[in-house]
Structures are given as C-alpha cells and as structure tokens.
Amino acid sequence: MSSKIPVSVLIPAKNEQVNLPACLASLSRADEIFVVDSQSSDNSVEIAKSHGVNVVQFNFNGRWPKKKNWSLDNLPFRNEWVLIVDCDERIPPELWEEIDQAIQNNEYTGYYLNRRVFFLGKWIRYGGKYPDWNLRLFQHKKGRYENLNTEDIANTGDNEVHEHVILQGKVGYLKNDMLHEDFRDLYHWLERHNRYSNWEASVYFNILTGKDDSGTIGANLFGDAVQRKRFLKKVWVHLPFKPILRFVLFYIIQRGFLDGKAGYIYARLLSQYEYQIGVKLYELRNCGGHLNTATPPKEGAEEQGSRGVDGKLLTIDS
C-alpha cells in the first residue's frame, strides 16, 4: 500500500450517498478525513463511518461563518495542510503524488487545483469550463473563505460554494487535474442551481449598490485567474440580454459546440440559469433587497373569496 500523505481532507456534505463512496475511495492516501455533514436524511453518515472517517455535524444558524470556515476554525486537524474536496469530486493517484511533493516545498502556503468537469458523462473541455482553478490545498491556519455578504438572502445554502480562499503567503499551481462529476441526475443539477441563483443575484445586487468588498479577494483585471473573473463579473452585471450572451459566449465564442450534445445542453442550462439570476435580481432591486417578499394576511383576517361554498376556509399551497 502507498504511504499516507500528511494532509487533512475536509468534505462538506448533505444527502450525498450517491457521490460519497467514489469520493472517499479516491482519498485513501490522506492521513485524515473529516466529513462535515448538515443533518443528512439519506445514508451519507453511514457511508462515511463505514470508511472509517471522522463525521461532524454542522448546524447553520443563518449567519456567517458558513460550513467551510466554521470547519477551518473548529476542527482538530492534526496536519498543517488541508485539502477541500466536494462530494462530487475525486483526487486521482497522480494528483496525490504531486500533492505529496508540493507540501514539502516551503516556498508556498497553498496551491490551486484545476478541475476537470464532467456533465452527462462527458468532459466539458470548452465553453470556458477548463481550466477551472480552485484554491483547495493550503495551510489551514493561513487561509479562510471570503465573506461576500450573501447570508441575508434565503435559500443560498450553508456552505461556501463560490466564495474564494484568502491566503497569507505565496500560492502555486498543480499540474494534475482533480475530477468533478456529479453522479446524481439533472433534477439535482437544477435544484442546486436554483439555490445558486439566489446567491448570484445577491452578489449582483451588492455590486450594483456599491457594497463594500473589503475582506474579499477583490477584482483585478491584471490579477490571478480568480481576480480576473471577479473583475469581469463587475462588468457583466451591467450588460443587457445576459441569458442570450451567456449562451453565445459559452457555445460559440468559447467553442462549447465542440463538446457535442452535452455541450449544447450545458449551454442552454447556463442560459436558463442566467435568466433565473436576472429575475431574482429584479426582485431584490424592487423589493428592498429581499427575496420572497409576499406579506401574509394578518391573523384573523379573511381575504375575499377565501371561503368555499360550504363556508370552509380554502388553503392554497405555494
């Protein structure tokens, strides 16, 4: 057997029984693994325990910090280096070998990993999905996720998904890819992006209202790949016809058509996702910075037409 590598892995999880076995199997080289669960109702906890990993429950109170920062602050890591891995991601053997060498280099306190995203069983190589750099390996005492002030918006989740790590020290890049493939069906993709669009609309709203972005990675056209994306987002938010532009950018300009049918479907879904963000942003801008603003009737009050012919109160499910 290959020797263990002195890295502590952090896996945020909730109802991930389909993805978790392959994820954990790919992490056998890690010296220590924590699965931080959010009260899963499936077999995620049992699967994690069967692999002999540490399981910790996270109870989100609706405020900052969210799951990853809470874990970085509170888990008793026995290693200096932590690797953040989502349940739908896997670390191939060649990447483990590179990690083993990288953490021995005193020049760096963290490393970007490149994700190879699979969709409908196909690697989405074009459309701007590759390379996809994420700062996932770092010395845990020196890095924390930025706060983009989105927690006031409901249904954005309890985990930092699009926030980035702010790290003290120099950052490097690893050559081998991590693999990202969700084994669940498209229902879960749509469900997840419905939640993500709440988050994105909140970020757009903060940009348009000039909210202070100190304490974030910042936007810089001449910075690293993540800072350039943040700069372009500040330009993007002001553009009209974003759903159409998103499709044209992904499928034509960035050659998503080269990924075949999967690329076309992905492009259409991203266009739909951009439309969701737009209508939720409209809701935020016209409802005082809030989503889901319907005001229920006062207790004891009856709206006209709320009773049926037999006098019983009708209940309409939303």
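In this text, all values refer to a predicted model and were calculated from it rather than measured experimentally.

Trainee: Where do I start with the overall build of the protein chain in this structure?
Mentor: When helices and strands are counted, the protein chain shows 8 helices and 11 strands. For the protein chain, the C-alpha radius of gyration of 22 Å lies close to 20 Å, the compact-globule estimate for 318 residues. Taking the principal axes of its C-alpha atoms as reference, the protein chain extends roughly 75 × 45 × 40 Å. When the 318 residues of the protein chain are sorted by exposure, 47% land in the buried category. About 17100 Å² of surface is accessible on the protein chain, with carbon and sulfur atoms providing 52% of the total. Once the 40 positive and 40 negative side-chain charges of the protein chain are each reduced to a mean point, those two points are 4 Å apart.

Trainee: Would you mind showing me how to read the pattern of salt bridges here?
Mentor: Charged atoms that come close allow side chains of opposite charge to pair. In total, this model carries 20 salt bridges according to the counting rule given. When the shortest N-O distance is used, the salt bridge between Asp31 and Arg78 registers 2.8 Å. With a gap of 47 residues between them, Asp31 in strand β2 (residues 30-37) and Arg78 in the loop between α3 (67-74) and β4 (81-84) connect regions that are remote in the sequence. One salt bridge in this structure joins Glu146 and Arg230, with 2.8 Å as the shortest N-O distance. Of this pair, Glu146 sits in the loop between β9 (143-145) and β10 (165-167) while Arg230 sits in helix α6 (residues 225-236); the two residues are 84 residues apart in sequence, bridging distant segments of the chain. You'll find Glu146 and Arg230 in the same group, each marked buried. Among the charged side chains, a network of salt bridges with common partners joins Asp86, Glu89, Arg115, Asp132 and Arg136.

Trainee: Is there a simple way to explain the pairing of strand β1 (residues 5-13) in this structure?
Mentor: The side chains of a regular strand alternate, first on one face of the sheet and then on the other. Among the 9 residues of β1, 8 are classified as buried, and the element is accordingly described as predominantly covered. Bridge count between β1 and β2: 7 bridges; the pairing is parallel. Across the sheet, the residue bridging to Ile11 is Val35, located in β2. Taken together, β1, helix α1 (residues 20-25) and β2 form a β-α-β motif whose crossover is right-handed.

The rules behind these values
- Just so you know, the residues in each chain are numbered from 1, in the order the chain's sequence is written.
- For this predicted model, a pLDDT threshold of at least 70 governs which residues receive local features, and a threshold of 80 or more governs which side-chain atom pairs are given and counted, while totals over whole chains, interfaces and linings are taken from all residues.
- Only heavy atoms go into the side-chain values, all of them from the structure, while hydrogens and water stay out.
- Numbering goes from the N terminus for both helices and strands, where a helix is a DSSP run of H or I of at least four residues and a strand is a run of E of at least two.
- In this description the radius of gyration comes from C-alpha coordinates, and the expected globular size is given by 2.2 Å times residues to the power 0.38.
- Think of it in three bands: residues with accessible area under 20% of the maximum for their type are buried, residues over 50% are exposed, and the middle band is partly exposed, with areas taken using a 1.4 Å probe on protein chains only.
- Surface accessibility follows the Shrake-Rupley procedure with a 1.4 Å probe radius. Residue values consider only the protein chains on display as shielding.
- When charges are counted, Lys and Arg are positive and Asp and Glu negative, with His and the chain ends excluded.
- For charged residues, the charge sits on one atom: NZ in Lys, CZ in Arg, CG in Asp, CD in Glu.
- Each salt bridge in this description consists of a side-chain nitrogen of Lys or Arg and a carboxyl oxygen of Asp or Glu lying within 4 Å of one another.
- Strand pairing is defined by DSSP finding a minimum of two bridges between the two strands.
- By the criterion used throughout, a crossover qualifies as right-handed when its path from the first strand across the helix to the second strand runs clockwise, the strands pointing away from the viewer.

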